[in-house]
Amino acid sequence: MSFLGRGSAPSAGGINQERVDMATQELDMITDIFNRLVSSCHAKCISPRYAEGDLNKGESVCIDRCVAKFFEVNKKVGEKMQAVGAAAGGQPGSFSGAL
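Residues numbered from 1 in each chain as written. Predicted model: local features only at pLDDT ≥ 70, side-chain atom pairs only at ≥ 80, totals over all residues. Heavy atoms only, no water.

Undergrad: Residues and numbers for the overall build of the protein, please.
TA: Helix and strand counts for the protein stand at 2 helices and 0 strands. Out of the 99 residues in the protein, the part that is buried amounts to 14%. Pairs at least 24 apart in sequence give 21% of the contacts found in the protein among residues at least 6 apart. In the form shown here, the protein has an accessible surface area of approximately 7,800 Å², with 58% of it arising from carbon and sulfur atoms. (Helix = DSSP H or I, 4+ residues; strand = E, 2+ residues; numbered from the N terminus. Buried < 20%, exposed > 50% of the residue type's maximum accessible area, 1.4 Å probe, protein only. Contact = heavy atoms within 4.5 Å. Areas by Shrake-Rupley, 256 points an atom, 1.4 Å probe, with all protein chains shown as cover.)

Below you can see the structure in the form of structure tokens.
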């Protein structure tokens, strides 16, 4: 069965709207994370004065480290949020999920 609900047993409407909405929400979250990553690492690693068309070695190393740290922190925050959600037992008003 496909992600959008088109599989062996299609519904009367064809596409499962709930799954489309979930996919759209996930795409929005990933786009937001990417935009925050680019903004943060660009501000930290790249000089506002562009001297040449390509990144120099220092900028490349900085970008690599920045991206690695960004995703490591993102992973740790997601794990912490899941642990808090599990400890709350999924009660209404509890915070569960990941970045």
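So, next bit.
Undergrad: Summarise the nonpolar core; cite the residues concerned and give the values.
TA: In this structure, I33, L37, C41, C45, I46, I63, C66 and F70 together form the largest nonpolar core, which totals 8 residues. Elements represented by at least two residues in this core include exactly helix 1 (17-45) and helix 2 (57-88). With 4 residues, helix 1 is the single largest residue contributor to this core. (Core = buried A, V, L, I, M, F, W, Y, C linked by side-chain atoms within 4.5 Å.)

Undergrad: Residues and numbers for the packing of helix 1 against helix 2, please.
TA: Running from amino to carboxyl end, helix 1 crosses helix 2 at an angle of 140°, the nearest separation of the two axes being 9 Å. On the basis of the axis angle, helix 1 is oblique to helix 2. The hand of the helix 1/helix 2 crossing is right-handed. In contact with I33, R36, L37, C41, K44 and C45 of helix 1, helix 2 contributes E59, C62, I63, C66, V67, F70, F71 and N74. Counted by class, the contact of helix 1 with helix 2 contains 10 nonpolar, 1 polar and 3 charged residues. (Axes fitted to C-alpha atoms, helices over the stretch in contact; angles between N-to-C directions. Parallel < 35°, antiparallel > 145°, perpendicular 65-115°, else oblique. Left-handed = near helix turned anticlockwise from the far one by under 90°. Nonpolar A, V, L, I, M, F, W, Y, C, P; charged D, E, K, R; others polar.)

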